[in-house]
Amino acid sequence: MDQKIISLATEKTSEKLQEFLQCLKDDELTGLLQKHAVKGKSPGTLLKGIFKGSPCSEEAGALRRLKVYKYCILLVESGDLHREVASEITGLLMLETHSLPGSSLVELANGFVDVVRDGSLVNGKSLELLPIILTALATKKENLAYGKGELNGEEYKKQLINTLCSSRWDQQFVIQLTSMFRDVPLSIEELEFVVEKVLRMLSKLDLQEIPPLVYQLLLLSSKGSRTKVLEGIIAFFSQLDKSHKEEQSGDELLDLVTVPSGELRHVEGTIILHIVFAIKLDRELGRELMKLLKTGQQQGDANKTICPFSIALLLSVARIQRFEEQVFDLLKTSILKSFRDLQLLHGSKFLQSLVPQKCCISTMILEVVKNSVHSWDHVTQGLVELGFILMDSYGPKKIIGGKVTEASFAPSKTPSQQACRLGANILLETFKIHEMIRKEIVEQVLNRVVSKASSPISHFLDLLSSIIIYAPLVLQSCSSKVTEAFDYLSFLPLHTVQGLLKAVQPLLKVSMSMRDSLILVLRKAMFANQLNARKSAVAGFLLLLKNFKVLGSLSSSQCSQSIGATQVHVDVHSRYNAVANEAFCLEILDSLRRCLGQQADVRLMLYEGFYDVLRRNSQLANTVMHTLLTQLKQYYEPKHDLLPPLKLEACILAQRDQIFLQEPLAHLLCCIQHCLAWYRNKAMPLQEEEEEEEEEGFQQDLEDMMESITNRMIKSELEDFELDKSADFSQATSVGIKNNIYALLVMGVCEVLIEYNFNIGNFSKNKFEEILSLFKCYSRLSDILKEKAGKGKSTMANKTVRSFLSMKFVSTLLVALFRVLLWRYTSIPTAVEESGKKEKGKTISLLCLEGLQKIFHTVQQFFPSKIHQFLQALDITNEDEGEEDINITQRATFQIRQFQRSLVNLLSSQDDDFNSKEALLLVTILSSLSKLLDPSSPQLIQMLSWTIKMCKENSLEDASFCKGLMSLLFSLHVLCKSPVSLLRDLSQDIHGQLGDLDQDIEVEKPNHFAMVNLRTAAPTVCLQVLSQAEKVLEEVDWLITKLKGHVGRESLAEEASQEGSPQQALEKAAILQLGTLLTAFHELVQTALPSGSCVDGLLRNLSRVYTILTALVKYYLQVCRSSGGIPNRMEKLVKLSGSHLTPQCYAFISYVQNIQNESLSFAGEKKKEKIAAVSTAMARVLRETKPIPNLIFAIEQYEKFLIHLSKKSKVNLMQYMKLSTSRDFRINGDILDTALQEQEIDAENEGTAASEPRKDSQEPAKKKRKK
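This structure is a prediction, so every number in the text was calculated from the model and none was measured.

Note that strand 3 (residues 652–655) and strand 4 (residues 658–661) share four bridges and pair antiparallel. Its bridge partner lying in strand 4, Q655 is registered against Q658. Hairpin geometry of strand 3 and strand 4 is characterised by an intervening segment of two residues between the two adjacent antiparallel strands and by a positive phi of about 55° at R656.

Below is the structure:
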């Protein structure tokens, strides 16, 4: 039978074939097909014959074809056929599909939809036919029955796709179904249906099935919907990462059932590669990715798109050259914005209550670094580049004068500092994880250290130090690069050389070749022509002496440096290391002795470094102290009856007419003093059992010389040094320069001897008398220098001479003084103090208070980690020393109460000579201590209440004290709640004190705060209010930007209708803040402010207000498109701005211009006397009127967008706005009437002077007004 069909099919005509097929029953025909297909007997020939005998033009033929299609689809789907046979059948069916009638195509398509919906697909092979069926169906123009109606082919196809995407897809056929849609011509709407369906299926698949599905999805995105595809993939993995993180941080039992972390990272890495590959082929996909992430970042809603997955994706895309710059610009901007947002949030309780704190982008990036260990090689290079870009862009900057803007030792506070620190952390963590990239990181760091030596590079040196400490042995592979950097030491600044050598010190201990290379470089530099090169050599040799310990050296906690486990292993090899180090160190010391004949700067470095060498390498004490003794003998007068005891003339060098310091004698004595103190405290106790006469001889000789110098310095008069009051100290003559050098040397020697005698005196009376005598000598010289410098107006008057007193000595004195001054200031009122006890015009209490303030500031600025110990040490009244559970807030509160009590006592005193400096210092200390309080603690609320009470009850007319107290008030207030109501009250007080623009109006004085009075209202309080208002406006602007980020979301209309939604809360908060601020500016803009900074600041703030109001109106323009209306509170805000601000702004502008004209005319009257005064006045007028055009433009822009919003919302918002005054031409009615009256009086006077007949016969001239 099958053969007959095949033979009949070979004939030219198909009549016989049609007749034969007509005779066959359906079962027989399907049986033949099954027999051929299962046995693999080339079913294609049989199918071709059947199709030839079943023309679609006849109904019977079309039905037969439909049945054959259905049966073949079942055969292919059954899985009983060989792959080649199934492919052959499918191919033939595809070829004949377009000839099928529309009804048949509909039936076949519905069959596929039913199979997918029911989940009865077996292997999905038949799905290859569905795209052809849908494509053919779309070409049918005739109407096809659909339910009770009719649809054309294109519409029917759309309905089928909609039904298919609404059905449940079997998990194992999702990839095949997605692939199938690639071959279907889809409209934009249909494509969105499909993409949304596939994205929903991502969460239902196994992890390993996701990469191929994403690959198919990316191929599908070439048709369109690229943004939706990328957004969906990023959102899915962002949520997956969050869930995985929560599960891992939760119950340990959950780890048994969750996805292993490694598997998830491998899947993410594969998908990132798929996306990058797709972007290389489809540039538009890359543009859409950048656009998506930029839009999220600009609208303040970056948390939707920025996550560890998207950051890793961006870093991979950065490898494509055309996107590299865009990627890193986007990441830089996002990082800085994230840190700024965090800074804004941390400083405002108002924002914290509205916006939940989300994960910082720095945490996400470091998470990417951590995840990159799972074969993310395509991300690693991007991480390294990002780290260096952040460090280059946001590192410390050099400003005019050579000062560095940001010190490396200070904690990271500003967004730029945090971004730079993040860059260093990225590079360090990447270095730890990836071995392949280590060499490149070290090379780039060293390149920057060498090439950017003129710029601050402390952050790169810190990074290099951290890298070397982590793995000194690993870095031996980079030894050639480090050695190459050594060659540039002679050309680098001294601080760079010191930082670099300190950083590489651990390497020198594990690499002999590197150490030898360094020594060669340093020896060459020692004899270089450049002074800086020789100083660098000294610094390098001193560093080596400190860190290569000689056998038998005393252990010192200060010399131990943690350099990792690998370093410890190297250090404890054998005794040989220490023995070899001794010869090495003695060789270096021999080289350094030659430096004692060089310039003063080189010697000074040696003297400053020898003491540290001695502390860390005690076995070198013999050599070092012998060197110092030999050097001192050159300048010491051995005869005990001769005065002075030192040969100062040998310390200077004369070259032609110039005088130079040759020997920094005070530094030499200071070094000797420190070495002797160390020797007594450390070395002597250990040497009591061993008699070493030679070393004791050095020590005894030095002590005898120091004692002799002390005694003779006390006996010496200033005339012995040729330094009496009549001496020349001018910087213009060589004699004056010589005397200045002598004076500084003598003062330095006195300081050194004061400390030396204090250390050996053991608190004896005789030694204290000697110390006082030395101090008198120092004081006399200091007074003479100040007097001479003041008369000559020399720059010496502004220079502060460096003190030789060590921190240990100063701290020993301060320990006693600190407790005394705390007790004195908290127990004895200032009034009790004797008025005669003053130093430099200051009371003892004031001096103590200044010291306190500086100490509090220093501890907070440079030692934040030790604040708790500092406060604990201050708490001298706490008897229970073992109490450790008292936190910082409680300890700070104790100190705050003491200073509060002192301030209250000071303010309540009835003395006429009230010292405002003491009050200001107390406020400054309270401000410092308040920063230690926990913002959520009741103690902060109590302090705020106390500060408000002080501002309300005290009416001191002292501007500096008022400014300090107001600053404290605002800094506390923002940590508790928004300060807008406070600003409104203060503005009312300012208005009441200064009066109204219209002098005829008497303003009621509300007196909310007594601190606001006629003396302090302007500019002090006014500028504080304007500054704080600017911060509030910045917060509102940030909120509006945040709101704009939500616009366009599908759920926006739903959120807008829900009163308690986050969206509503943000809108309400922004409007309420603006409303209250408007009432504050309503008061200020009517105030008769004095010309100057207050007027300028108010005009700028008003411009900012209208700019932010315009931004809010623009936001509601966008909202109106989806929700169709605006809330009542927005309408009220517009009404308030129209009635309480805009008219007053125009009146204030006129007031400002009038007072400027008056000042110009006043200056013009004195033109003959002072021409400079006129130009100064004109410059001030131009400066202060410059913000006026900006304000007018801001008002007009606001009104322009209000008109647009009125049309959109169908609410007439312009009814609240009065017509704006034309700034080009104005007629002020009052001024015009006055002018006219003056003209009439002048005319009458002229008429009286003329003859009577002429007066009667002539009519008065008519006055014309311009229209």
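For an α-helix, 3.6 residues make a turn, and residues three or four places apart therefore share a direction. Taking 1.5 Å as the rise per residue, helix 20 (residues 377–394) with 18 residues should run 26 Å; its terminal C-alpha atoms sit 26 Å apart, in good agreement. By the burial criterion, the buried members of helix 20 are H378, V379, T380, G382, L383, V384, L386, G387, F388, L390, M391 and Y394.

By the definition in use, this model includes 13 aromatic pairs. Measuring from centroid to centroid gives 6.1 Å for F758 and F768, while their planes differ by 25°, and the two rings are stacked. Taken together, the positions of F758 in helix 34 (residues 734–761) and F768 in helix 35 (residues 765–792) put the pair ten residues apart, joining distant regions of the chain. Note on F768: relative accessible area 31%, which makes it partly exposed. Look at F1148 and Y1151: their rings are 5.9 Å apart centre to centre, the planes differ by 35°, and that puts the pair in the tilted class. With F1148 and Y1151 both in helix 49 (residues 1142–1165), this residue pair falls three residues apart, about one helical turn. Each member of the pair, F1148 together with Y1151, is buried. Linked through ring pairs, F236, F237 and F309 together constitute an aromatic cluster. The side chain of R438 reaches across the aromatic face of F431, ending 5.1 Å from its centre. The positively charged end of R615 is found above the aromatic ring belonging to Y611, 5.5 Å away from the centroid.

What follows is about the pattern of salt bridges. As enumerated under the stated definition, the model contains 24 salt bridges in all. For the salt bridge of K228 with E196, the shortest nitrogen-to-oxygen distance reads 3.5 Å. Residue K228 is found in helix 13 (residues 226–249), and its partner E196 is found in helix 11 (residues 188–202); the two are separated by 32 residues along the sequence. Given a relative accessible area of 26%, K228 falls into the partly exposed group. Between K337 and D341 there is a salt bridge whose closest N-O contact spans 3.2 Å.

Conventions and cut-offs
Residues numbered from 1 in each chain as written. Predicted model: local features only at pLDDT ≥ 70, side-chain atom pairs only at ≥ 80, totals over all residues. Heavy atoms only, no water. Pairing = 2+ DSSP bridges. Helix = DSSP H or I, 4+ residues; strand = E, 2+ residues; numbered from the N terminus. Expected span 1.5 Å × (residues − 1). Buried < 20%, exposed > 50% of the residue type's maximum accessible area, 1.4 Å probe, protein only. Phe/Tyr/Trp six-rings, centres within 6.5 Å; stacked < 30°, edge-to-face > 60°. Lys NZ or Arg CZ within 6 Å of the ring centre and 35° of its normal. Salt bridge = Lys/Arg side-chain N within 4 Å of Asp/Glu carboxyl O.

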